[in-house]
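Chain by chain, the residues:
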Amino acid sequence: MYGMSASKSIRYPALPLVLSLVSILFAIVFVVLTINRHYSLPLLIGFSVPAIFCAVGALTLGLQTISRKPAGAPYGFAMGGSLLGGFSLVFWIVKIPLIFLILLPAMSETAGDPDIAASSKQMRIIIRQTKSFYNDTGRMPVQIEELVQEGYIRNAKMYDPRDSLKDMPSYRLLLREMPPQELWSETPVLEGRWPDADGNRLLGYLDERIGTIR
């Protein structure tokens, strides 16, 4: 009887589960964006703040409902919402510091020279599409123009933002054979032709890290 009366007094029994699922959805979308290197401070705040509120709400409401010992569906909703809400909360607590470790160098790079930051982003896209070309054809592209001809990148991606003439590609492919994946972090694949004020040119590695070469 107690369980039945407690269940009837719960107005929105599914609310903890709904809130936890919303929080999980925010987390999934955010992970997809960060995998594709779409990360910024506004994006982090815009996803994490509502997701954390939903997770805390799901966990709080779920535990309150469980403490009333309801029967049937309300108990299931409360238990599921509490578990998923707790999982989402742990995810964001761990994820936010990791994202800041990525954001800080990216933000400093952008603050230093927006054109160089834009060129670095283009190089990562070219490197990613070069690997896609290799996976599809079993060979490396001979020239960067081949990536355009085969539809892997748009023509505009071949030119550094600092290049006003655009009479030749701003980047040069360096490899003819694909090395083992364990060597990607130390194998340059793409070289920028435009030096900065200190005479350094961008150098892109197969793991999509962008460095410099003098």
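Just so it is clear, the model here is predicted, and its values are computed rather than measured.

Undergrad: Would you mind showing me how to read the overall build of the chain here?
TA: A count of helical and extended segments in the chain gives six helices and four strands. Taking all 214 residues of the chain together, the buried fraction comes to 38%. Partitioning the intrachain contacts of the chain with sequence separation of at least 6 by distance along the chain shows that 56% fall at a separation of at least 24.

Undergrad: I'm lost on the packing of aromatic side chains in this one. Help?
TA: Two aromatic rings are characterised by how far apart their centres lie and by the angle between their planes. Per the stated rule, a full pass over the model turns up three aromatic pairs. Both rings, one in F26 and one in F47, keep their centres 5.8 Å apart while their planes meet at 80°; by these two values the pair is edge-to-face. A residue pair is termed long-range when its members are at least 10 positions apart, and F26 in helix α2 (residues 15-35) and F47 in helix α3 (residues 41-67) qualify at 21 residues. The class for F26 is partly exposed, based on a relative accessible area of 24%. Plain terms: the ring middles of F91 and W92 are 5.1 Å apart, the flat faces sit at 85° to each other, and that makes the pair edge-to-face.

Undergrad: Is there a simple way to explain the environment of G199 in this structure?
TA: Turning to its location among the elements, G199 is positioned in the loop between β2 (188-192) and β3 (201-205). Owing to a relative accessible area of 30%, G199 belongs among the partly exposed residues under this scheme. G199 sits 13 residues away from T212 along the chain, and the two C-alpha atoms are 9.7 Å apart. The contacts of G199, once residues within four sequence positions are left out, are I213 and R214.

Undergrad: What should I look at first to understand the pairing of strand β4 (residues 210-213) in this one?
TA: The two faces of a sheet get side chains in turn, since along a regular strand they alternate between them. Summarising the sheet, β3 and β4 pair through four bridges and their orientation is antiparallel. Across the sheet, the residue bridging to L203 is G211, located in β4. Hairpin connection, β3 to β4: the antiparallel pair is bridged by four residues, and E208 has positive phi, about 75°.

Undergrad: What should I look at first to understand the sheet that holds β4 in this one?
TA: Across a sheet, paired strands are connected by hydrogen bonds in the backbone, their directions being either parallel or antiparallel. If you walk across this open sheet you meet the four strands as β1-β2-β3-β4, and the pairing is antiparallel. Both outer strands of the open sheet, β1 (171-173) and β4, are each paired with one neighbouring strand and no more. The mean angle between the axes of side-by-side strands here comes to 30°, regardless of whether they run parallel or antiparallel. Bridge analysis of β1 against β2 gives three bridges, and the strand direction is antiparallel. Counted as the bridge partner of Y171 is G192 from β2.

Cut-offs applied
Residues numbered from 1 in each chain as written. Predicted model: local features only at pLDDT ≥ 70, side-chain atom pairs only at ≥ 80, totals over all residues. Heavy atoms only, no water. Helix = DSSP H or I, 4+ residues; strand = E, 2+ residues; numbered from the N terminus. Buried < 20%, exposed > 50% of the residue type's maximum accessible area, 1.4 Å probe, protein only. Contact = heavy atoms within 4.5 Å. Phe/Tyr/Trp six-rings, centres within 6.5 Å; stacked < 30°, edge-to-face > 60°. Pairing = 2+ DSSP bridges. Axes fitted to C-alpha atoms, helices over the stretch in contact; angles between N-to-C directions.

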